[in-house]
2 protein chains.
Amino acid sequence: MMQDGHNRRMRRAGVSGAIAAVICAGYLMAQSAPQPAPKAAAPAANLNQLMRSLFFPHSNVVFFTQRYDPAEVKPASEPSASTDPLTGVFGGWEAVENSALTLADSADLLMTPGRKCSNGRDMPLANADWVQMVNGLRDASMFAYKAALTKDRDKMLQASDVLATSCSNCHGKYRPGNAANRCRP
Amino acid sequence: MMQDGHNRRMRRAGVSGAIAAVICAGYLMAQSAPQPAPKAAAPAANLNQLMRSLFFPHSNVVFFTQRYDPAEVKPASEPSASTDPLTGVFGGWEAVENSALTLADSADLLMTPGRKCSNGRDMPLANADWVQMVNGLRDASMFAYKAALTKDRDKMLQASDVLATSCSNCHGKYRPGNAANRCRP
């Protein structure tokens, strides 16, 4: 029942309009249709958009623990509609755990063929150090996850250090100040 | 310069500790090492954790526009440390655009082999309707992205409707109240 407000919001949106109907019809048809192949569409976000939307706020959830206790975060007035992982229905330490896991799995999105950097270059997937640093982010995120499970803020200081280092490693090489030089192979 | 606070936070974390050093050494070694294969490690998060951490807050960023104008969101007191996409350095309508893109690309994470549901079942990747509904989420997210680009809140009402429908389609079948029955093949 905890997600009631979120679900109510979804219902409030209604199930009207031609496009919704098409999606719904597609769903019903899929019950008996042969299995469609997964889409091989180009990625939607460029690297910059993904960093701003996903890696930035979720790493901030981990970094938050350096200065504040997640257990003392006041939930949003309407937690089921919260846009902040820390103040939503699944907030506090659970949000720290889950943001760390999300960072770990989202490392996959840094290996998606076809994703562009904001300057139009391809992500340099063939570079040995790119792969190494993506793996470094994954490892650092798992380190943060394990630290979050302990709810020990000294461990979170160390985990924030490890995570920040994994970010900086990649930024240092692939995100120079001059945007034209980013993501060079 | 907009990310200064975030970077400062990262620097404040320091570059000390044995683990950080190992990551750093790995990075330096990678400059000349042969290319390592991408990890084929099991996914870190189960589906429930990913929903709570990623799909829940980012869809709420889209749903937010039903009632409020993203252009009028007050930035956090420290936007570079914000854990809320809407109030951070890259907030407002940009956050709505980017959350929609993030939802679209994160659909890939719903197709990751080996990811478990919270009851221990595998995600039912072989089910035709699962694939169809993952594609439906991707399409709905792109519809929301295009609506966000217009900054037209009437279009966002429609987009919220479409997105909510794509969520409900899957929840209706694969997330019944009894957790033991979730993700049935």
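Participant: Looking at this model, I keep getting lost on the overall build of chain A. Mind explaining?
Facilitator: Along its length, chain A carries six helices and zero strands. Order of helices (α) and strands (β) in chain A, N terminus to C terminus: α-α-α-α-α-α. Per-residue burial over chain A gives 54% buried out of 185 residues.

Participant: Whenever I open this one, the packing of helix α3 (residues 47–64) of chain A against helix α6 (residues 153–174) of chain A confuses me. Can you help?
Facilitator: The relative placement of two packed helices is expressed as an angle between their axes plus a distance between the axes. All names here are of chain A. Interhelical geometry of α3 versus α6 gives an angle of 150 degrees and a closest axis separation of 8 Å. In terms of orientation, α3 lies roughly antiparallel with respect to α6. Residues Ser59, Val62 and Phe63 of α3 lie in contact with α6, whose contacting residues are Met156, Ser160, Leu163 and Ala164. A per-class count over the contact of α3 with α6 returns five nonpolar, two polar and no charged.

Participant: Can you walk me through the state of the cysteines in this structure?
Facilitator: Here, the word disulfide means a covalent bond between the sulfur atoms of two cysteines. One pass over the structure, following the stated rule, counts two disulfides over all chains. Two residues share a disulfide in this structure: Cys117 of chain A and Cys183 of chain A, whose sulfurs sit 2.0 Å from each other. When the S-S torsion is -85 degrees, as for the bridge of Cys117 of chain A with Cys183 of chain A, the disulfide is left-handed. Here Cys117 of chain A, found in the loop between α4 (92–106) and α5 (128–150), pairs with Cys183 of chain A, found in the segment after α6; they are 66 residues apart in sequence, far enough to count as distant. Neither Cys117 of chain A nor Cys183 of chain A differs from the other in exposure class; each is buried. Here Cys170 of chain B stays free of any disulfide, with the sulfur of Cys183 of chain B as its closest cysteine sulfur at 7.8 Å. Residue class for Cys170 of chain B comes out buried when judged on its relative accessible area of 17%.

Participant: Would you take a moment to explain the environment of Thr102 of chain B for this structure?
Facilitator: Topologically, Thr102 of chain B is positioned in helix α4 (residues 93–106). Thr102 of chain B sits in the buried class, given a relative accessible area of 0%. Sequence-wise, Thr102 of chain B and Ser59 of chain B are 43 residues apart; in three dimensions their C-alpha atoms are separated by 9.6 Å. For Thr102 of chain B, the contacting residues outside a window of four places in its chain are Leu50, Ser53 and Leu54 of chain A together with Leu54 and His58 of chain B.

Participant: Whenever I open this one, unusual backbone geometry confuses me. Can you help?
Facilitator: For residues other than glycine, phi is negative in most cases, and the peptide bonds are mostly trans. A positive phi angle, close to 55 degrees, is found at Lys151 of chain A, a residue other than glycine. Among the structural elements, Lys151 of chain A can be located in the loop between α5 and α6. In this structure, Cys183 of chain B takes a positive phi of about 60 degrees despite not being glycine.

Participant: Just checking my understanding: could you explain the confidence of the model for chain A for this structure?
Facilitator: Where the model shows low pLDDT, its predicted coordinates should not be examined in detail. Residues and elements named next belong to chain A. Mean pLDDT over chain A works out to 85, with 78% of the residues at or above the 70 mark. Under a pLDDT of 50 for its full length, residues 1–5 has, in the predicted model, five contacts with residues more than four places off or in other chains. Contacts of residues 11–37 to residues separated by more than four positions or lying in other chains number 40 contacts, the stretch itself having pLDDT below 50.

Participant: Would you take a moment to explain α6 of chain A for this structure?
Facilitator: It helps to recall that an α-helix has 3.6 residues per turn; residues three or four apart then point in one direction. Taking 1.5 Å of rise per residue, the 22 residues of α6 of chain A would be expected to cover 32 Å, and the 31 Å separating its terminal C-alpha atoms lies within 8% of that figure. The residue sitting at the N-terminus of α6 of chain A and contributing the capping side-chain oxygen is Asp152 of chain A; that oxygen lies 2.8 Å from the backbone nitrogen of Asp154 of chain A.

Participant: I keep staring at the environment of Gly120 of chain A and nothing clicks. Help me out?
Facilitator: Along the chain, the position of Gly120 of chain A falls in the loop between α4 and α5. Counting along the chain gives 62 residues from Gly120 of chain A to Arg182 of chain A, while the straight-line C-alpha distance between them is 9.6 Å.

Participant: Any chance you could explain the pattern of salt bridges here in plain terms?
Facilitator: Think of it this way: side chains of opposite charge can pair up when their charged atoms draw near. Residues and elements named next belong to chain B. For the structure shown, the criterion picks out 14 salt bridges over all chains. Between Lys173 and Asp129 there is a salt bridge; the shortest N-O distance is 2.7 Å. Pair noted here: Lys173 is in helix α6 (residues 153–174) and Asp129 is in helix α5 (residues 128–150), with a separation of 44 residues, a long-range link. Asp129 sits in the buried class, given a relative accessible area of 3%.

Participant: I'm lost on the nonpolar core in this one. Help?
Facilitator: Side chains of a nonpolar character, in soluble globular proteins, are inclined to be buried together. In this structure, Trp130 of chain A together with Trp130 of chain B are the most contacted members of the largest nonpolar core, which totals 81 residues. In contact with Trp130 of chain A, other than residues within four places in its own chain, are Leu47, Leu110, Met111, Met123, Pro124, Leu125, Cys170 and Tyr174 of chain A.

Rules used throughout
Residues numbered from 1 in each chain as written. Chains lettered and ligands numbered in written order. Predicted model: local features only at pLDDT ≥ 70, side-chain atom pairs only at ≥ 80, totals over all residues. Heavy atoms only, no water. Helix = DSSP H or I, 4+ residues; strand = E, 2+ residues; numbered from the N terminus. Buried < 20%, exposed > 50% of the residue type's maximum accessible area, 1.4 Å probe, protein only. Axes fitted to C-alpha atoms, helices over the stretch in contact; angles between N-to-C directions. Parallel < 35°, antiparallel > 145°, perpendicular 65-115°, else oblique. Contact = heavy atoms within 4.5 Å. Nonpolar A, V, L, I, M, F, W, Y, C, P; charged D, E, K, R; others polar. Disulfide = S-S within 2.5 Å. pLDDT = per-residue confidence, 0-100. Expected span 1.5 Å × (residues − 1). Polar contact = N/O pair within 3.5 Å; in protein donor to acceptor, adjacent residues only side chain to side chain. Salt bridge = Lys/Arg side-chain N within 4 Å of Asp/Glu carboxyl O. Core = buried A, V, L, I, M, F, W, Y, C linked by side-chain atoms within 4.5 Å.

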